[in-house]
Amino acid sequence: MNSVVPATIIVAGLVLAGYAGLATARNRRMGVDLLVGLGVLEVLLLVLVGVIVAKLASGARPAGLPTLIGYLIAMPVVPLAAGLWGLMERTRWGPAVIAVAGLVAAVLMVRLHQIWPVIHV
């Protein structure tokens, strides 16, 4: 698998986490800019899920297949849940939820590489 998509997800997640952390520190509410960042992260994660599912359909299997499937289900849900939670939280802690989601996306990518080294980081 090409390492561009996983590396882009890690960078996008960390940039989003940093930007959302800055918004939290500046006592800002959730804004359209954070939602756009979450949308970009969501699209990248969906692309990765599609690539991994195609690789699984071709017959390749990792040792930890149940864990991989759990991660494939959880990855696209994290940005969606964070966006909803961030919109409901009308204080400065809404962007903090987005920061955590960005960090989770980056950590999930590293963990996916540990589960299945075919996913290059």
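Parameters at a glance
Residues numbered from 1 in each chain as written. Predicted model: local features only at pLDDT ≥ 70, side-chain atom pairs only at ≥ 80, totals over all residues. Heavy atoms only, no water. Helix = DSSP H or I, 4+ residues; strand = E, 2+ residues; numbered from the N terminus. Rg over C-alpha atoms; globule rule 2.2 N^0.38 Å. Buried < 20%, exposed > 50% of the residue type's maximum accessible area, 1.4 Å probe, protein only. Contact = heavy atoms within 4.5 Å. Phe/Tyr/Trp six-rings, centres within 6.5 Å; stacked < 30°, edge-to-face > 60°. Lys NZ or Arg CZ within 6 Å of the ring centre and 35° of its normal.

Draft legend 1. Representation of the overall build of the chain in the model. Across its full length, the chain holds four helices and zero strands. Whereas a compact globule of 121 residues would reach a radius of gyration of roughly 14 Å, the chain reaches 15 Å, a difference of no more than 12%. In terms of principal-axis extent, the alpha carbons of the chain reach across some 50 × 20 × 20 Å. Counting across all 121 residues of the chain, residues that qualify as buried make up 38%. Restricting the contact set of the chain to residue pairs at least 6 apart, pairs at least 24 apart contribute 78%.

Draft legend 2. How the structure looks around the packing of aromatic side chains. Tallied over the full model, the rule gives zero aromatic pairs. Between the NZ or CZ atom of R92 and the centre of the ring of W93, over which it lies, the distance is 4.9 Å.

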